[in-house]
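Now for the letters of each chain:
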There are 2 protein chains.
Amino acid sequence: MSDDHESTLGRIETEVALLMRFGEATRRATGTAEHRVLDRAAYVILRHLADAGPQNVSALAARLNLDGSTVTRQVSALQRDGLITRTPDPSDGRGTVISPTPAGLQRMAAVQAARTRLYGDMLADWSPEDRSTLAALLGRLNQALINRNRPR
Amino acid sequence: MSDDHESTLGRIETEVALLMRFGEATRRATGTAEHRVLDRAAYVILRHLADAGPQNVSALAARLNLDGSTVTRQVSALQRDGLITRTPDPSDGRGTVISPTPAGLQRMAAVQAARTRLYGDMLADWSPEDRSTLAALLGRLNQALINRNRPR
DNA sequence: GATAAGTACCTGCATAATACAGCTAATTGA
DNA sequence: TCAATTAGCTGTATTATGCAGGTACTTATC
């Protein structure tokens, strides 16, 4: 347990906490008017549906660390706005499969593009190496978080 | 605007969004019982008081990207629990200076240590270089966020 | 194949953090 | 002196979330 380790971990902890604050503030500031539907988890849901294909509520909830009821409500809102469709699961009468609609994918892509543009602006003076290093390390950090939350 | 840039930025955007979700889930899971006081902004408030010294509500709100009323309530809760003290600002009769109490600093340090330990566990198999690189890049990312929010 | 146990989803509540609007008191500037 | 500004507080609404309970369906056991 060297001082180096401690201080580096402390810095990581600090920076992550700060990043959270900024992320929340940004989400609040940007998501007020038009696409309020994509607040919070909704964007991540559409994102995951686009990435991993249609799936049911439970799978989404497990993947996104959310309660099933929360996902149910998010999905209902998304359906109300025509961004996803619910179809009965042919292999399980209890379940419903959630699929993104073209409009949903479009909306998601628009938000994604806006966010990506935002990062592009902010990181305009970063070297490509630093950018891809950040992406890689964040990916590893998230993987570590996943492994911790799901020791399986 | 090469494809490399786009995809790297996209990855950063993805990973940050995921990190947010995990952070919220973790906070919810850990902060339930005992030190619920340090939920959300409260921890960051104590943290900032410890780092930057006693200051008034407005300064905290500006620094933490929060509404003044939110900070007022957080500070009230912290005072109720004996973690900060309010003293009249000698140089401005309207203001009150918020100072951490020893108990507050202790509580903050305990949470900080727990979080740091958590990161230590998760990043146990990371090389010291990768850790410090992550810390540095997160710091630069936050700085970029600060610069964007306060173009000043 | 009948019944018990488990699962998927939904709904009704409660909670927690937050913002906004409006208020009072104090400061500052003309 | 008085208008404009600022610091902080309080009332109200919003929003995302979890938990508890209910219903319909599935799976396993005998």
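The rules behind the values
Residues numbered from 1 in each chain as written. Chains lettered and ligands numbered in written order. Predicted model: local features only at pLDDT ≥ 70, side-chain atom pairs only at ≥ 80, totals over all residues. Heavy atoms only, no water. Pairing = 2+ DSSP bridges. Helix = DSSP H or I, 4+ residues; strand = E, 2+ residues; numbered from the N terminus. Contact = heavy atoms within 4.5 Å. Axes fitted to C-alpha atoms, helices over the stretch in contact; angles between N-to-C directions. Least-squares fit on C-alpha atoms with pLDDT ≥ 70 in both. Parallel < 35°, antiparallel > 145°, perpendicular 65-115°, else oblique. Nonpolar A, V, L, I, M, F, W, Y, C, P; charged D, E, K, R; others polar. Salt bridge = Lys/Arg side-chain N within 4 Å of Asp/Glu carboxyl O. Buried area = accessible area lost by both parts, 1.4 Å probe. Polar contact = N/O pair within 3.5 Å; in protein donor to acceptor, adjacent residues only side chain to side chain. Buried < 20%, exposed > 50% of the residue type's maximum accessible area, 1.4 Å probe, protein only. Left-handed = near helix turned anticlockwise from the far one by under 90°.

By the naming in an unreviewed UniProt entry, chain A goes by MarR family transcriptional regulator and is assigned to Micromonospora arborensis.

Okay, the sheet that holds strand β2 (residues 84–88) of chain A next. Residue and element names in this part refer to chain A. Read from one edge to the other, the open sheet built from 3 strands follows the order β1-β3-β2, with strand pairing classed as antiparallel. Each edge of the sheet is formed by a strand with only one pairing partner; in this case those strands are β1 (55–56) and β2. Those strands touched by helix α4 (residues 68–80) are β2 and β3 (96–100), and its axis lies near 115 degrees from that of β2.

Attention now moves to the relation of the copies chain B and chain A. Screw-axis analysis of chain B against chain A gives a translation of 0.0 Å along the axis, an RMSD of 0.1 Å, and a rotation angle of 180 degrees. Overall, the copies show the geometry of a two-fold rotation axis. When C-alpha distances to the rotation axis are compared across chain B, the minimum falls at M20(B), with a value of 3.0 Å.

Residue and element names in this part refer to chain A. One can describe the packing of helix α2 (residues 41–52) onto α4 by two numbers: an axis separation of 10 Å at closest approach and a directional angle of 80 degrees. When the interaxial angle is binned, α2 and α4 end up roughly perpendicular. Across the interface between the two elements, A41, A42, I45 and L46 of α2 pack against V71, Q74 and L78 of α4. Within the contact of α2 with α4, the residues separate by chemical class into 6 nonpolar, 1 polar and no charged.

The next subject is the pattern of salt bridges. Taken as a whole, this structure holds 10 salt bridges over all chains when the rule is applied. The structure contains a network of salt bridges with shared partners spanning E13(A), R47(B) and R115(B).

Each partner contributes to the interface: chain B provides 57 residues, whereas chain A provides 56 residues. With both sides pooled, the region where chain B packs onto chain A buries about 5900 Å², and carbon together with sulfur makes up 69% of that total. The three residues of chain B that bury the most area against chain A are E13(B), R21(B) and F22(B), which together make up 12% of that side's buried surface. Here R115(B) and E13(A) are joined by a salt bridge, their closest N and O atoms 3.4 Å apart. In this assembly, chain B and chain A are joined by 14 residue pairs in polar contact (both at pLDDT 80 or more).

To continue, consider the sheet that holds strand β3 (residues 96–100) of chain B. To summarise the sheet geometry, strands pair through backbone hydrogen bonds and adopt either a parallel or an antiparallel arrangement. All names here are of chain B. Across the sheet, which stays open at both edges, the 3 strands sit in the order β1-β3-β2 with antiparallel pairing between neighbours. What marks the edges here is a single partner per strand, and that holds for β1 (55–56) and β2 (84–88). Relative to β3, β1 runs antiparallel, the two being bridged by 2 bridges. Bridged to N56 within β3 is V97.

Residue and element names in this part refer to chain B. Mapped onto the secondary structure, H48 falls in helix α2 (residues 41–52). Look at H48 and you get buried, because its relative accessible area is 12%. Each C-alpha atom of the pair H48 and P100 lies 9.7 Å from the other, and the pair is 52 residues apart in sequence. Not counting the four nearest positions on each side in its chain, H48 is found in contact with G53, Q55, L60 and R63.

Moving on, we get to the packing of α2(A) against helix α5 (residues 102–122) of chain A. All names here are of chain A. As a packed pair, α2 and α5 sit with axes 10 Å apart at the nearest point and diverge in direction by 110 degrees. The angle between α2 and α5 falls in the class roughly perpendicular. Classified by chirality, the crossing of α5 by α2 is left-handed. Contact residues: α2 offers Y43, L46, R47 and A50, while α5 offers G104, L105, M108, V111, Q112 and R115. Within the contact of α2 with α5, the residues separate by chemical class into 6 nonpolar, 2 polar and 2 charged.

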